[in-house]
Amino acid sequence: MRLRTLTRPEGSAAAPTAKDTAAARPQHSPARRSSQPPRRSRRNGGPGRFAVFAAPGLLAYLALVLVPIGMTTGYSLTNKNPFNPPTRWVGLSNLTNLFSDDDFLKALQNTVVITVIVTLVTNAGGLAIALLLDRSGWLYNALRSVFFVPVVLSAVVVSVIWQSILVDDGLLNTVLRQLGVDHPPGWLSDPGLALYTVSWVIAWQGLGFCVVIYLAGLQGIPQELYEAADIDGCGPMKRFRNVTWPMLAPAVTINTVMSLIGGFKAYDQIQVLTNGGPGPNTTSTLAFQVVQTAFNGNHVGYASAMAVAMLILVATVSVIALGWLQKREVSS
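Residues numbered from 1 in each chain as written. Predicted model: local features only at pLDDT ≥ 70, side-chain atom pairs only at ≥ 80, totals over all residues. Heavy atoms only, no water.

Some points on the side chain of Asn281
Next, step 1: Among the secondary structure elements, Asn281 is positioned in the loop between α12 (268-273) and α13 (286-296).
Next, step 2: Polar side-chain contacts of Asn281 include one of 2.8 Å to the side chain of Asp103.
Next, step 3: Among all residues touching Asn281, those that are not within four sequence positions of it are Asp103, Lys106, Asn110, Gly276 and Gln289. (Helix = DSSP H or I, 4+ residues; strand = E, 2+ residues; numbered from the N terminus. Polar contact = N/O pair within 3.5 Å; in protein donor to acceptor, adjacent residues only side chain to side chain. Contact = heavy atoms within 4.5 Å.)

Right under this line is the structure:
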């Protein structure tokens, strides 16, 4: 088969190349940029739209938090008693009288004991359980749900359940008698034991919250750090001390502050389990004493002074703990 070669006739113009075509195109001058900014198709609304969305939350916070705090502070400066008018201005005498009130000081002591126990038990137990549940599988997912159930239950419901277990003829003492214990302890009737029993119930209910927070912190630790620790020959304890514990600093901050606040405001469990007893003010707390003074004694002004002192105490302790723990986060 013979290939035919196409030849250009003599005198014909050569085909234009890509450079010639580009050179032959007219050069357009660059378009002038407008000094005005481009118009947006939709305006953001400015402060007005922000106010519309923020107003419901701000109004609720104002009505349910700021206004009650202001009213309580105002009542604390008076001798208000709805059944014994007129109301007179007493200034700071209510607050100063608290330091010589044996009932208030006993309630403060009980509150501190409960807060310390709750903070230690929930953090130590929550971290231990989180380390055990930091695995994959349906069984571990089910156990996480089981530990978190008490958190979503009402404190009154939890207290009623534990009361049926801990009373003298309850489930726990019945089991102990069957095991041979002739005189089981009075978990709620013994003045030397009731405060620690109530603290255990409060800590038990808050344990699931700490477990969830510590689990979230554990799952956020990069695996590369554990691999580097294994390469360096770190054992389990050294790996926990040098990798896990420093990386859990934010979780420790959240759980510690929340446990402190929960311990200081304990009321429901006290009311249901012991009603402040057994005996005079054996398990009475600050919140319980405020309610008893205001609604049973009708001394609204004095109870408001207790509430203001409790607010100052909780805010001070929380701010100090938060500042110290956040410094630990930075150093870690």
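On we go from here.
Regarding the packing of aromatic side chains
In this description, an aromatic ring pair is defined by two values, namely the gap between the centres and the angle between the planes.
Next, step 1: Throughout the structure, instances matching the rule amount to four aromatic pairs.
Next, step 2: Both rings, one in Trp162 and one in Trp204, keep their centres 5.4 Å apart while their planes meet at 75°; by these two values the pair is edge-to-face. Here Trp162, found in helix α6 (residues 155-166), pairs with Trp204, found in helix α8 (residues 194-219); they are 42 residues apart in sequence, far enough to count as distant.
Next, step 3: Judged by relative accessible area, Trp162 falls into the buried class, the value being 14%.
Next, step 4: Of the residues examined, Trp204 reaches a relative accessible area of 29% and is grouped as partly exposed.
Next, step 5: Geometrically, the ring pair formed by Phe240 and Trp245 is tilted, given 6.3 Å between the ring centres and 35° between the ring planes.
Next, step 6: Residue classification places Trp245 among the partly exposed positions, given a relative accessible area of 32%.
Next, step 7: An aromatic cluster is present here, built from Trp162, Trp200 and Trp204 joined pairwise through their rings. (Phe/Tyr/Trp six-rings, centres within 6.5 Å; stacked < 30°, edge-to-face > 60°. Buried < 20%, exposed > 50% of the residue type's maximum accessible area, 1.4 Å probe, protein only.)

Regarding the pattern of salt bridges
Opposite charge on two side chains permits pairing when their charged atoms draw close.
Next, step 1: Inspection of every chain in the model, using the stated rule, returns one salt bridge.
Next, step 2: Asp230 is the partner of Arg239 in a salt bridge, and the nearest nitrogen-oxygen pair spans 3.5 Å.
Next, step 3: Residue class for Arg239 comes out partly exposed when judged on its relative accessible area of 28%.
Next, step 4: By relative accessible area, Asp230 is classed as partly exposed at 44%. (Salt bridge = Lys/Arg side-chain N within 4 Å of Asp/Glu carboxyl O.)

What to know about the nonpolar core
Next, step 1: Counting 21 residues, the largest nonpolar core has Val211, Tyr214 and Leu248 as its most contacted members.
Next, step 2: For this core, the secondary-structure elements that each account for two or more residues are α4 (102-133), α8, α9 (223-231) and α11 (249-264).
Next, step 3: Residue contributions to this core peak at seven residues, all from α8.
Next, step 4: Dropping the residues within four chain positions of it, Tyr214 is found in contact with Asn123, Gly126, Leu127, Ala130, Leu248, Ala251, Val252 and Asn255.
Next, step 5: Core analysis: the second largest hydrophobic core is formed by 15 residues, Ile114, Val118, Leu195 and Ala266 among them. (Core = buried A, V, L, I, M, F, W, Y, C linked by side-chain atoms within 4.5 Å.)

Regarding the packing of α6 against helix α7 (residues 171-178)
Next, step 1: Following both chains from N to C, one finds α6 and α7 inclined at 25°, their axes separated by 4 Å at the closest point. Taken together, the axes of α6 and α7 are roughly parallel relative to one another. Of α7, the residues touching α6 (which contributes Ser164, Ile165 and Leu166) are Leu171, Leu172 and Asn173.
Next, step 2: Residue composition of the contact of α6 with α7, grouped by class: four nonpolar, two polar and no charged. (Axes fitted to C-alpha atoms, helices over the stretch in contact; angles between N-to-C directions. Parallel < 35°, antiparallel > 145°, perpendicular 65-115°, else oblique. Nonpolar A, V, L, I, M, F, W, Y, C, P; charged D, E, K, R; others polar.)

It is worth stressing that arrangement in space is one thing and function is another; only the former is reported here.
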